[in-house]
Amino acid sequence: MKPPVWHLFWISAPPGLRDVISGFLPGIGSNGVMEQGGRLGAYFPPGNRSREEVWNVLQGMLEGLAAAGLRTETVRIEYEPVEDQDWNETWKRTIQPIVLGCDVTIVPPWLEPDASYPGVTLVIDPGTAFGTGHHETTADCLCALREYAREALEVSQGFADLGTGTGVLAILAARVGFKAVLGIDNDPDAISAALHNIRLNRLENSIRMRLGTVDLLPPGCGMITANLFAGLLADYMAGMVGALSQGGILVLSGMLEGQDTRIERAMKASGLHLRERLSRERWVTLIGMRG
Ligand code: SAM
């Protein structure tokens, strides 16, 4: 009997858009995403959907991104069938540790922990949800969390991450000393992925996950992180600021250059003092303090 065939779709897109697309691929059923030679390779399992059905889902995703104002005209998609026994090992070999300049290293669970990795090492299973550390916004949120943790901990040991994805920010928060850590996401698959990653890091007793959104933020947080989209950040500003203790730190990301002025205005209007603006590859992260 012939082994089942996996669908591998190669997606060529400019770097910023590639990052956005790779964030959406797990949500539309891709079990593994790799980056090679400026292209994304997205694996879809055999049996679930035909090649044409996956193709249509990918086109729908691109139409959604175009409707959200992203330039998708140059995106090209190519198809390659892959025999079942090959893909998992092939994909795994493409995943390397991510070493961030701010003393945070992210490794997949199948690599041996290595004492030479600098700073705090987090184990994150990639390909399950957004938040592997590859995206600029995740990297800047991790570095901001690390930089402002000591200051925030003096205010309160409560931490919340709104839109937690893989749970990577909540996991770092627990590792740097926050005692009451909550991750929130409105996608049940992200919550499952985060719980899996929490177990990999042996932090089951330190982090809680809840399915839902901004109204679940607990009061009195020393720090809140939210890596979402510009529109949501503005809508949720009052709820996020209300859940911060006096002197608490709010880390906001997921906006592109140009969208940040509106968020900065909303932060100031809600009584936040802007502490820092980080920017990588057109993605902006704003850090504010409740005055
Ligand atoms: N925190 C991770 C990081 O920094 O890499 C993941 C961020 S990812 C860009 C955004 C996450 O927010 C996704 O997991 C998505 O399911 C979740 N999300 C989107 N809209 C939301 C909402 N209205 N309330 C709660 N979570 C939301």
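All figures in this text were calculated on a predicted structure; none of them were measured in a lab.

Description of the state of the cysteines
At step 1: Counting across every chain of the model gives one disulfide.
At step 2: What pairs with C102 in a disulfide is C143, and their sulfur atoms sit 2.1 Å apart. Since a negative S-S torsion denotes a left-handed disulfide, the C102-C143 link at about -70 degrees is left-handed. In this pair, C102 sits in the loop between strand 5 (98-100) and strand 6 (104-107) while C143 sits in helix 4 (residues 136-155), placing the two residues 41 residues apart along the sequence. Across the pair, C143 and C102 agree in class, each one buried.
At step 3: There is no disulfide at C141, and the cysteine sulfur nearest it, in C143, is 9.6 Å away.
At step 4: The exposure class assigned to C141 is buried, which follows from its relative accessible area of 0%.
At step 5: C141 supplies the cysteine sulfur nearest to C221, a cysteine that is in no disulfide, at a spacing of 15 Å.
At step 6: On the accessibility criterion, C221 (2% relative accessible area) is buried.

Examining the sheet that holds strand 5
At step 1: Reading across from one edge, 5-6-7 is the order of the three strands in this open sheet, with mixed pairing throughout. Of all strands in the sheet, those with a lone pairing partner are strand 5 and strand 7 (120-123), marking the two edges. With direction set aside, neighbouring strand axes in the sheet form an average angle of 20 degrees.
At step 2: Relative to strand 5, helix 4 is tilted by about 45 degrees, and along the sheet it contacts strand 5, strand 6 and strand 7.

Some points on the side chain of S245
At step 1: Tracing the backbone through its elements, the reader meets S245 in strand 12 (residues 244-256).
At step 2: Overall, S245 belongs to the buried group, its relative accessible area being 18%.
At step 3: In this structure the side chain of S245 is engaged in a polar contact, spanning 3.2 Å, whose partner is the backbone oxygen of G220.
At step 4: Residue contacts for S245: discarding those within four places in its chain leaves V155, S156, G220, C221 and R290.

Overview of the sheet that holds strand 3 (residues 39-44)
At step 1: Within the open sheet, the four strands sit side by side as 2-3-1-4. Their pairing is antiparallel. Taken across any chain shown, the strands that pair with only one partner, and hence form the sheet edges, are strand 2 (32-36) and strand 4 (76-83). Averaged over neighbouring strand pairs, the angle between their axes works out to 25 degrees when direction is ignored.
At step 2: Examined bridge by bridge, strand 1 (residues 5-12) and strand 4 share eight bridges and lie antiparallel to one another. Bridging across to strand 4, L8 finds its partner in E80.
At step 3: Relative to strand 3, helix 1 (residues 15-24) is tilted by about 10 degrees, and along the sheet it contacts strand 1, strand 2 and strand 3.
At step 4: Packing of helix 2 (residues 51-67) onto the sheet brings it into contact with strand 1, strand 3 and strand 4, and relative to strand 1 it is tilted by some 30 degrees.

Overview of the site of the ligand
At step 1: The local shell around the ligand holds 17 residues, among which T138, G163, D185, T213 and Y236 are the closest.
At step 2: At 2.6 Å from an oxygen atom of the ligand is found a side-chain nitrogen or oxygen belonging to D185.
At step 3: Contact with the protein chains hides 88% of the accessible area of the ligand, taken as 610 Å² for the molecule alone.

Description of the domain arrangement of the chain
At step 1: Segmentation of the chain into domains returns domain 1 (5-90) and domain 2 (98-290).
At step 2: Just the C-alpha atoms count here: the centres of domain 1 and domain 2 sit 26 Å apart.
At step 3: Contact with domain 1, which involves eight residues of that partner, is made by eight residues of domain 2.
At step 4: Both sides together, the interface formed by domain 1 and domain 2 hides about 610 Å², and carbon and sulfur atoms give 64% of it.
At step 5: Looking at the side of domain 1 facing domain 2, the largest losses of area belong to D19, G23 and P26, adding up to 53% of the total buried there.
At step 6: Where domain 1 meets domain 2, there are zero salt bridges.
At step 7: Our count for the contact surface shared by domain 1 and domain 2 stands at zero residue pairs in polar contact (both at pLDDT 80 or more).
At step 8: Residue composition of the side of domain 1 that touches domain 2, by class: three nonpolar, four polar and one charged.

A short note on the packing of aromatic side chains
At step 1: One pass over the structure, following the stated rule, counts four aromatic pairs.
At step 2: Taking the centre distance of 6.1 Å and the plane angle of 50 degrees together, the rings of F9 and W55 count as tilted. Residue F9 is found in strand 1, and its partner W55 is found in helix 2; the two are separated by 46 residues along the sequence.
At step 3: Measuring from ring centre to ring centre gives 5.1 Å for F9 and Y79, while their planes differ by 55 degrees; the resulting arrangement is tilted. Here Y79 lies in strand 4 and F9 lies in strand 1, a separation of 70 residues in the sequence.
At step 4: With relative accessibility at 0%, the residue F9 sits in the buried group.
At step 5: Its relative accessible area of 21% is what places Y79 among the partly exposed residues.
At step 6: Geometry around W10 places R39 over its ring, the cationic atom sitting 4.2 Å from the centre.

The rules behind these values
Sequence order as written defines residue numbering, which begins from 1 separately in each chain. In view of the model being predicted, local features appear only for residues whose pLDDT reaches at least 70, and side-chain atom pairs are presented and counted only at 80 or more, with totals across whole chains, interfaces and linings using the full set of residues. Working from all heavy atoms in the structure, the side-chain values ignore hydrogens and water. In this description, the term disulfide denotes a pair of cysteine sulfurs within 2.5 Å. For the purposes of this entry, the term helix denotes a DSSP run of H or I that reaches at least four residues, the term strand denotes a run of E that reaches at least two, and both are numbered from the N terminus. For each residue, the accessible area found with a 1.4 Å probe, counting protein chains only, is set against the maximum for its type, and the residue is called buried under 20%, exposed over 50%, and partly exposed in between. Strands pair, by our definition, only if DSSP identifies at least two bridges between them. As a rule, the C-alpha atoms of each element are fitted with a line to give its axis, helices using only the stretch in contact, and angles between N-to-C directions run from 0 to 180 degrees. Any two residues whose heavy atoms approach within 4.5 Å are treated as being in contact. Throughout this description, a polar contact denotes any pair of N or O atoms lying within 3.5 Å of each other; where both atoms belong to protein, one of them has to be capable of donating a hydrogen while the other can accept it, and for residues adjacent in sequence the pair is counted only when both atoms sit in side chains. When we say a residue is near a molecule or strand, we mean one of its heavy atoms is within 4 Å of it. Accessibility throughout is a Shrake-Rupley quantity obtained with a 1.4 Å probe, and a residue counts as covered only by protein chains that appear here. Each domain's extent was defined by an automatic or database domain assignment. In this description, buried area is defined as the sum, over both parts, of the accessible area (probe of 1.4 Å) that is lost when the two are combined. For this document, the term salt bridge refers to a Lys or Arg side-chain nitrogen within 4 Å of an Asp or Glu carboxyl oxygen. Residues are grouped as follows: nonpolar covers Ala, Val, Leu, Ile, Met, Phe, Trp, Tyr, Cys and Pro; charged covers Asp, Glu, Lys and Arg; every other residue, Gly included, is treated as polar. The rule is short: rings of Phe, Tyr and Trp, with Trp giving its six-membered ring, pair when the centres are within 6.5 Å, and they are stacked under 30 degrees, edge-to-face over 60, tilted in between. Any Lys NZ or Arg CZ that is within 6 Å of a ring centre and within 35 degrees of that ring's normal is treated as a charge sitting over the ring.

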